Protein chains: 2
Amino acid sequence: MSGDPLLAHIRNVPDYPKKGILFRDITPLLGHAASLREACRRMASPFEAHPPDLVAGIEARGFILGGMIAHFLNTGFIPVRKPGKLPARSVQREYALEYGSGKLELHQDCVQKGQRVLLVDDLVATGGSAEAAVWLLRSLGAVVEAGSFLIDLPALGGKKKLEDLGLKFHALLSFPGQ
Amino acid sequence: MSGDPLLAHIRNVPDYPKKGILFRDITPLLGHAASLREACRRMASPFEAHPPDLVAGIEARGFILGGMIAHFLNTGFIPVRKPGKLPARSVQREYALEYGSGKLELHQDCVQKGQRVLLVDDLVATGGSAEAAVWLLRSLGAVVEAGSFLIDLPALGGKKKLEDLGLKFHALLSFPGQ
């Protein structure tokens, strides 16, 4: 990753959202057309040869990259949502995250049994939200083989957690020691 | 719009999020690859000949379609966020919405003076959030000439509000009387 040109578009914000956390802000990358397109291409490319049926993105930043990757791979999109946002029958899963805890929800009819789903998010830290998303998708019969992420913070254990779930793990930028 | 094939993928949910509201659920459309791609193409096509510098999408569903349209038009993306999500210096604007009130935020450095921005969201009701987004973008020097939406509920006044702000208004599906 050393010298990866995408790194110039990640802003490091110390002590956000709380003291001791170095926040990796992707908004400069989102705003830079060529780099955004390149990030999307590189996040999607391992899955081009055998594309999934659907891309699932985790609210909210995962909606941006997930929508783009769904467009790139020509698939549908599943929003993995925070609670109380989905109007039809849903399933819910709690999880622990880096700064507290949360819940995620999926519509029960968002996927058909056996459909292959690629999970997308901007960043993996502890992997709690991604694990919950995989759990929910699999509970509905989806085949979740892989996750694609812009940033990995491997010291926080998310990559290992997802690999232990059997996912092929793909991340463009890895920041060790965070 | 009568007979528009996209309509088959909008689910009408009565009394959500509260009694008397007929909620237009776009998740079936998101999950249907061909229709999602078609919706994205049609939302973006009026802007292809003279594309904007950036697409701005309103959190959270506007991130999905906004990300796709940014990819389609080969632009960068600005997330118009709910409060407390942006780590760098930000500007904030309050607005009234259909079921209560809210605030939106932008990073102060998300756009350069004179850059042309296309606003994207899934649905326009009262137009409160879209108006706040236009206000914020213009306060930072952006040129916001147009808004592109999947669904318009013109009886709630959003279309008129945005046209009064000088925006070219583009929506694929219009539900009168809601």
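The structure under discussion appears in the preceding block.
These remarks concern the structure in this document. Per chain, residue numbering runs from 1 following the sequence as it is written. Each chain gets a letter, beginning with A, and each ligand a number, beginning with 1, in the order they are written. Note on the predicted model: pLDDT of at least 70 is required for a residue's local features to be given, and 80 or more for side-chain atom pairs to be given and counted; whole-chain, interface and lining totals, by contrast, use all residues. Values shown for side chains rest on all heavy atoms present in the structure; no hydrogens or waters enter the calculation.

**Topic: the environment of A60(A)**
- The numbering of helices and of strands both runs from the N terminus, where a helix is a DSSP run of H or I of at least 4 residues and a strand a run of E of at least 2. Of note, A60(A) is situated in the loop between β3 (54-58) and α3 (61-73).
- When a residue's accessible area, from a 1.4 Å probe over protein chains only, is under 20% of the maximum for its type it is buried; when over 50% it is exposed; and in between it is partly exposed. For A60(A), a relative accessible area of 5% translates into the label buried.
- A sequence separation of 92 residues divides A60(A) from D152(A), and the C-alpha atoms of the two residues are 17 Å apart.
- Each residue touching A60(A), except ones within four places of it in the same chain, is listed here: K82(A), E59(B), F63(B) and R81(B). Here a residue-residue contact requires only that any non-hydrogen atoms of the pair lie within 4.5 Å.

**So, the interface of chain A and chain B**
- The interface of chain A with chain B comprises 37 residues on the first partner and 37 residues on the second.
- Summing both sides of the interface, chain A and chain B together bury roughly 3100 Å²; the carbon and sulfur share of this comes to 58%.
- The term buried area refers to how much accessible surface (probe radius 1.4 Å) is lost by two components on association, counted for both of them together. Among the residues of chain A in contact with chain B, R37(A), H71(A) and P87(A) are the three that bury the most area, contributing 22% of the side total.
- For this analysis, a salt bridge means a side-chain nitrogen from Lys or Arg found within 4 Å of a carboxyl oxygen belonging to Asp or Glu. Our count for the contact surface shared by chain A and chain B stands at two salt bridges.
- The partner of R11(B) in a salt bridge is D109(A), with the nearest N and O atoms 2.6 Å apart.
- Within the residue set of the side of chain A that touches chain B, elements represented by two or more residues are β1 (11-14), β2 (22-25), α1 (27-30), α2 (33-44), α3 and β4 (76-80) of chain A.
- If you tally residues by element for the side of chain A that touches chain B, the top one is α3(A), at seven residues.

**Thoughts on empty space enclosed by the protein**
- Cavities and pockets are found on a 1 Å grid laid over the protein atoms alone: a cavity is a set of points where a 1.4 Å probe fits but cannot escape, a pocket is an open set with protein on both sides within 12 Å along at least five of seven lines, and a lining residue has an atom within 4 Å of such a point. Grid points are joined across faces, edges and corners, and a volume is the space filled by probe spheres set on the points. This structure, assessed with the given rule, holds two cavities of 30 Å³ or more.
- Forming the boundary of the largest cavity are 13 residues, of which D25(A), T27(A), R61(A), R81(B) and L86(B) lie nearest the centre.
- For the lining of the largest cavity, the secondary-structure elements that each account for two or more residues are β2, α1 and α3 of chain A.
- When its volume is computed, the second largest cavity comes out at roughly 50 Å³.
- For the lining of the second largest cavity, a count of residues per class yields seven nonpolar, one polar and four charged. Under the scheme applied here, ten amino acids are nonpolar (Ala, Val, Leu, Ile, Met, Phe, Trp, Tyr, Cys and Pro), four are charged (Asp, Glu, Lys and Arg), and all others, including Gly, are polar.

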